[in-house]
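Observations on the three-dimensional arrangement
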Amino acid sequence: MLCYIAVSTTRILATGGASHNKKILQVLSDVFNAPVYTIDTANSACLGSAYRAIHGLVAETNVSLADVVKLAPEPKLAVTPTTGAEEV
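About the thresholds
- In this convention, every chain numbers its residues from 1, walking through the sequence in written order.
- Residues qualify for local features only when their pLDDT is at least 70, as the model is predicted, and side-chain atom pairs are given and counted only at 80 or more; totals for whole chains, interfaces and linings, by contrast, use all residues.
- Values shown for side chains rest on all heavy atoms present in the structure; no hydrogens or waters enter the calculation.
- UniProt positions are given in the numbering used here, feature names are shortened, and annotations may be inferred rather than shown by experiment.
- Helix and strand definitions follow DSSP, with helices as H or I runs of at least four residues and strands as E runs of at least two, each counted in order from the N terminus.
- Throughout, exposure labels follow a simple rule: accessible area from a 1.4 Å probe, protein chains only, divided by the maximum for the residue type, with under 20% read as buried, over 50% as exposed, and the rest as partly exposed.
- It only takes one pair of heavy atoms within 4.5 Å for two residues to be counted as in contact.
- Definition of nonpolar core: a set of buried residues of the types Ala, Val, Leu, Ile, Met, Phe, Trp, Tyr and Cys, connected through side-chain atoms within 4.5 Å.
- It is the directions from the helix axis to the C-beta atoms that the arc portrays.

Under an unreviewed UniProt entry, the name given to the protein chain is XYLB kinase, and the organism recorded is Pedionomus torquatus. One UniProt comment on the protein chain, placed under Sequence similarities (unreviewed entry), says "Belongs to the FGGY kinase family."

1. Digging into the overall build of the protein chain
Looking only at helices and strands, one finds three helices and three strands in the protein chain. Reading the protein chain from its N end, one meets helices and strands in the order β-α-β-α-α-β. Classification of the 88 residues of the protein chain by burial places 22% in the buried group. For the protein chain, long-range pairs separated by at least 24 residues make up 65% of all intrachain contacts whose partners lie at least 6 apart in sequence.

2. Focus: the nonpolar core
If you look at the biggest cluster of nonpolar residues, it comprises seven residues: Ile12, Ala14, Leu25, Ala34, Val36, Ala78 and Val79. Mapped onto this core, the elements with two or more residues apiece are β1 (12-14) and β3 (76-79). Apart from residues no more than four positions distant in its own chain, alanine 78 is found in contact with Lys22, Leu25, Val36, Tyr37 and Thr38.

3. Brief notes about the environment of glycine 84
For glycine 84, the location among the structural elements is in the segment after β3. Spatially, the C-alpha atom of glycine 84 lies 8.9 Å from that of aspartate 30, the residues being 54 residues apart in sequence.

4. Observations regarding helix α2 (residues 47-57)
For α2, the complete set of buried residues consists of Leu47, Tyr51 and His55. End-on, the buried residues of α2 take up no more than an arc of 80°, which puts them together on one face. α2 presents Ser49 and Leu57 as exposed residues on the side facing more than 90 degrees away from its buried surface. Elements that come into contact with the buried residues of α2 comprise α3 (65-68).

Here you go:
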């Protein structure tokens, strides 16, 4: 059984084609009771892999992944959970 536990700081970052569909994003937000963010960047689904690759290249310099992704585009809030959705 797969289980996800959302805490008060949980947020979802949606990428790829489905991230342009507000109805799909709203379902994600309601199911996980967390806000959903998107990044307005072409090929955003590959972005995480690219940042990990950069992190690997600079690993010998003790640069943290957090420092590498500081240059990432800021995610934009797309949807928030519907009031009362967690009770459903």
